[in-house]
Structure formats: C-alpha cells, structure tokens
Amino acid sequence: ARASPPRMKQLRATKTSNASAPLHPKLRPHAIEIEIVVNHTPLRLKITEHVRQYRRRLTEEERADPSNVHATFKQGREETGLLRVKVEGCYAPDVPASWQETADRSMEVMLHEVLAGLVVASVYLREKRDAERQREKERKEREDEHLADLEVSRQKAERRRALHDRALNWRDACLIRE
C-alpha cells in the first residue's frame, strides 16, 4: 500500500478534546468543499480521499452476533491515500466532472486536465442555467398570454351581460309606454 502523502493530513478531522480516541468513521470528514468562480460561473469542488470498498468474510466473532445471522460477508473500507476532485452538480455524460489520482499519476500531473475540465464544466453549467432561464421566460410568457386571454374573455362576457341588461331595460320601457 502506498503511504499517504503529507497533503492528506489536511483532509483528516481532528478532535479537540480527547484527541487519542479514534473518531467514528461516519464522523470523520474526508472532504474539503471549495467554491470557485470560472468564467463568471460558480463551481463547487469536492476534494476527497479515495476509499476502496471490498467484501470480506465474517469473522467467528461477527458470525456469533445475532444481527449477522443471515450475513456471510461484510463491507470493508480502506483508505488509499489517493485524491479525488469532483465538480458538484455537473451530471452531463460528456463533461468530465471527476478526476482521481492513481499510483502512476499524481494530482499535480493531472492539474492541467482538471483546469480544462473546470472550464468545460463552467460552460456546461452556464448553458444549462441559461436554458433553464429561457424555459422559465417562455413559461412566464405563456402564462401571461393565458391571463390576457382570460381577461379578454371576461371583458367580452361583461359587455354581453351589459348589452343583455340594456335590452331587458329597453323591453321594460316599451311595455311601460304601451
């Protein structure tokens, strides 16, 4: 296994009181979230340490536990010391939104790919936001048209009702004169 590089120490949580006690795995944040602006588009980056998951057989102790009666395997997690950078909220299949270093390629070597990907993601997210605004604008225009049509219909009905009332009044006046 590859040793964790010094930069990974920033990703590990530290407990202020009783520092010798280990933190619960779910309470240990292994992520740094950063918001940056690329081409006037805010991007949320999440930098995490890759954790490898694997299946392992239960130990005798674990099999004796009543909660594991029907289980034969347990999910294991192993920290790899490798970084992963992900753009949050960018889910297009053709837009790179995640980069992970390998044993052969460090994040420093892939930095140009990450930066190019951030530019592409910012363009994608801006286009997505603009398309959403356009759809909202068109929806609003349709709604305004519908409201205008309703108002025209209401005015026509009111004119019809007024004309009918005047006709009834004219008829009543004719009856009175006779």
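It should be emphasised that the depicted structure is a prediction, and the values quoted were computed from it without experimental measurement.

## Considering the overall build of the protein
A count of helical and extended segments in the protein gives 2 helices and 4 strands. Along its sequence from the N terminus, the protein presents helices and strands in the succession β-β-α-β-β-α. Here the protein holds 178 residues, and 21% of them are scored as buried. Nonlocal contacts in the protein, meaning residues at least 24 apart in sequence, comprise 51% of its contacts between residues at least 6 apart.

## Here we look at the pattern of salt bridges
Here the structure, examined in full by the defined rule, presents 11 salt bridges. When the shortest N-O distance is used, the salt bridge between Arg154 and Glu151 registers 2.5 Å. You can see Arg154 and its partner Glu151 sitting in helix H2 (residues 111-177), 3 residues apart, about one turn around the helix. Taking the shortest distance from any N to any O, the salt bridge between Glu158 and Arg154 comes out at 3.2 Å.

## With respect to the nonpolar core
Counting residues in each nonpolar core, the largest one holds 17 residues, and the members touching the most others are Val87 and Cys90. Of all the secondary structure elements, the ones that give two or more residues to this core are strand E2 (41-57), strand E3 (73-88) and H2. Among the elements that make up this core, the one with the highest residue count is H2 (4 residues). Residues in contact with Cys90, not counting those within four places in the same chain, are Val95, Ala97, Ala121, Tyr124 and Leu125.

## Notes on the packing of aromatic side chains
Tallied over the full model, the rule gives 0 aromatic pairs. Here the basic side chain of Arg55 rests over the ring of Phe73, its NZ or CZ set 3.8 Å away from the ring centre.

## Thoughts on the pairing of E2
As defined by bridge partners, strand E1 (residues 31-38) adjoins E2 across 8 bridges and the pair is classed as antiparallel. Bridge pairing in E2 links Ile32 to Ile47. Between E1 and E2, which follow one another and run antiparallel, lie 2 residues, and Asn39 among them has a positive phi close to 55°. Relative to E3, E2 is paired through 13 bridges, and the arrangement is antiparallel. Its bridge partner being in E3, Arg56 is matched across the sheet by Lys74.

Parameters and conventions
Residues numbered from 1 in each chain as written. Predicted model: local features only at pLDDT ≥ 70, side-chain atom pairs only at ≥ 80, totals over all residues. Heavy atoms only, no water. Helix = DSSP H or I, 4+ residues; strand = E, 2+ residues; numbered from the N terminus. Buried < 20%, exposed > 50% of the residue type's maximum accessible area, 1.4 Å probe, protein only. Contact = heavy atoms within 4.5 Å. Salt bridge = Lys/Arg side-chain N within 4 Å of Asp/Glu carboxyl O. Core = buried A, V, L, I, M, F, W, Y, C linked by side-chain atoms within 4.5 Å. Phe/Tyr/Trp six-rings, centres within 6.5 Å; stacked < 30°, edge-to-face > 60°. Lys NZ or Arg CZ within 6 Å of the ring centre and 35° of its normal. Pairing = 2+ DSSP bridges.

The analysis is restricted to geometry; functional conclusions fall outside its scope.
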